[in-house]
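# Examination of the molecular architecture
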Amino acid sequence: VRGGRDDDQATTSIRVVRGDITAVHADAIINAANSSLLGGGGVDGAIHRAGGPAVLDACKTLRATTLPDGLAVGAAVATTAGNLPAQWIIHTVGPRHSTTEDRTDLLRSAYTRSLTLADSLGARTVAFPLISAGAYGWPRHDAVNVAVDAVTTATTDVDVVTLVAYDDETATLIRRALTR
Ligand code: AR6
């Protein structure tokens, strides 16, 4: 699937991988974090466990310096990837799903601002989990559609975006959305 910039003919390939994001090789791995940046469950817990203490140390330093109030929903920040097979972790915070408020733009922003940060780091390959589709309660189908729409329409220098599905059903949903 091709997307990306028109002005310089650059294209971005989007691929789908089923499995654990901590085993994916990419310049930058995206973490579906929370505003505290101090860890949690789900993919955040897995990334901190696999990345090791250097990741939490870097997050604590961010909280002690540039982000005393934590990371805003829809924003992104980078740290070392520690022991992960990546150069950086880009931490972003997806919105919690709401039945009374449309938070789609915030979820899109988690993807697009992660890609903008990847560009500024010089990362050419990035891997995303399905942000907000776990503890934050987004219906999987909606989370997939927002993810695919955001990455296929983004303006970015990233060459390869890998969407990591933790299970077969999610992988199927993503593949289906990519071929629409
Ligand atoms: N690799 C790839 N995908 C994973 C992995 C993994 N190792 N583990 C889970 N997933 P969630 P959220 C999938 O809950 O909804 C944390 O506590 C999972 O199946 O990790 O954005 C944070 O600290 C789901 O599809 O993130 C926050 O407090 C997707 O990753 C909060 O949860 C996202 O599920 C963030 O909630």
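Relevant structure appears above.
Described below are features of the structure shown in this document.

What counts and how
- Residues numbered from 1 in each chain as written.
- Predicted model: local features only at pLDDT ≥ 70, side-chain atom pairs only at ≥ 80, totals over all residues.
- Heavy atoms only, no water.
- Core = buried A, V, L, I, M, F, W, Y, C linked by side-chain atoms within 4.5 Å.
- Buried < 20%, exposed > 50% of the residue type's maximum accessible area, 1.4 Å probe, protein only.
- Helix = DSSP H or I, 4+ residues; strand = E, 2+ residues; numbered from the N terminus.
- Near = heavy atom within 4 Å.
- Polar contact = N/O pair within 3.5 Å; in protein donor to acceptor, adjacent residues only side chain to side chain.
- Expected span 1.5 Å × (residues − 1).
- Contact = heavy atoms within 4.5 Å.
- Salt bridge = Lys/Arg side-chain N within 4 Å of Asp/Glu carboxyl O.
- Axes fitted to C-alpha atoms, helices over the stretch in contact; angles between N-to-C directions.
- Parallel < 35°, antiparallel > 145°, perpendicular 65-115°, else oblique.
- Left-handed = near helix turned anticlockwise from the far one by under 90°.
- Nonpolar A, V, L, I, M, F, W, Y, C, P; charged D, E, K, R; others polar.
- Pairing = 2+ DSSP bridges.
- Right-handed = clockwise from strand over helix to strand, strands pointing away.

Moving on, we get to the nonpolar core. If you look at the biggest cluster of nonpolar residues, it comprises 36 residues, and the most contacted ones within it are Y111, V126, F128 and V161. Elements that contribute at least two residues to this core include exactly β2 (12-18), β3 (28-33), β5 (88-93), α3 (104-121), β6 (125-128), α4 (140-153), β7 (160-165) and α5 (168-178). The biggest single contributor to this core is α4, with 7 residues. Core analysis: the next-biggest nonpolar cluster, separate from the first, contains 12 residues, I29, A81, I89 and V164 among them.

Next up on the list: the site of the ligand. The environment of the ligand is made up of 21 residues, and the closest members are N34, G41, D44, G134 and A135. At 2.9 Å from a nitrogen atom of the ligand is found a side-chain nitrogen or oxygen belonging to D20.

Glancing now at α4. Taking 1.5 Å as the rise per residue, α4 with 14 residues should run 20 Å; its terminal C-alpha atoms sit 20 Å apart, in good agreement. Every buried residue belonging to α4 is among A143, V144, V146, A147, V148, A150 and V151, and all of these are buried. Turning to α4, the residues buried within the fold contact β2, α3, β6, β7 and α5.

A few words now on the pattern of salt bridges. Taken as a whole and judged by the stated rule, the model has 6 salt bridges. Two residues, R103 and E101, come together in a salt bridge whose shortest N-O distance is 2.8 Å. Since its relative accessible area comes to 44%, E101 is described here as partly exposed. A salt bridge links R108 to D149; the shortest N-O distance between them is 2.3 Å. Of this pair, R108 sits in helix α3 while D149 sits in helix α4, and the two are 41 residues apart along the sequence. Residue D149 is classed as partly exposed on the basis of its relative accessible area of 37%.

Most peptide bonds are trans, and most residues other than glycine sit at a negative phi. One non-glycine residue, L37, adopts positive backbone phi at about 65°. Among the secondary structure elements, L37 is positioned in the loop between β3 and α1 (42-51). Looking at L37, the relative accessible area reads 1%, which means it is buried. Unlike most non-glycine residues, S132 shows phi in positive territory, near 70°. Looking at where S132 falls in the secondary structure, it is placed in the loop between β6 and α4.

This paragraph deals with the packing of α3 against α4. Each packed pair of helices is defined by two parameters, the angle between the axes and the distance between the axes. One can describe the packing of α3 onto α4 by two numbers: an axis separation of 9 Å at closest approach and a directional angle of 40°. On the basis of their axis angle, the class for α3 and α4 is oblique. Between α3 and α4 the crossing geometry is right-handed. Only A143, V146, A147, D149, A150, V151 and T153 of α4 make contact with α3, whose side of the interface consists of T104, L107, R108, Y111, T112 and L115. Looking at side-chain class alone, the contact of α3 with α4 contains 8 nonpolar, 3 polar and 2 charged residues.

We now examine the pairing of β7. Counting buried positions over the 6 residues of β7 gives 5, a clear majority of the element. Across 6 bridges, β2 lies against β7 in parallel orientation. Each residue of the ladder has a partner; that of S13, found in β7, is V160. Two elements, β6 and β7, share 4 bridges in a ladder whose sense is parallel. Pairing of T125 across the sheet is with V160, part of β7. For the crossover that starts at β6, traverses α4 and ends in the parallel β7, the hand is right-handed.

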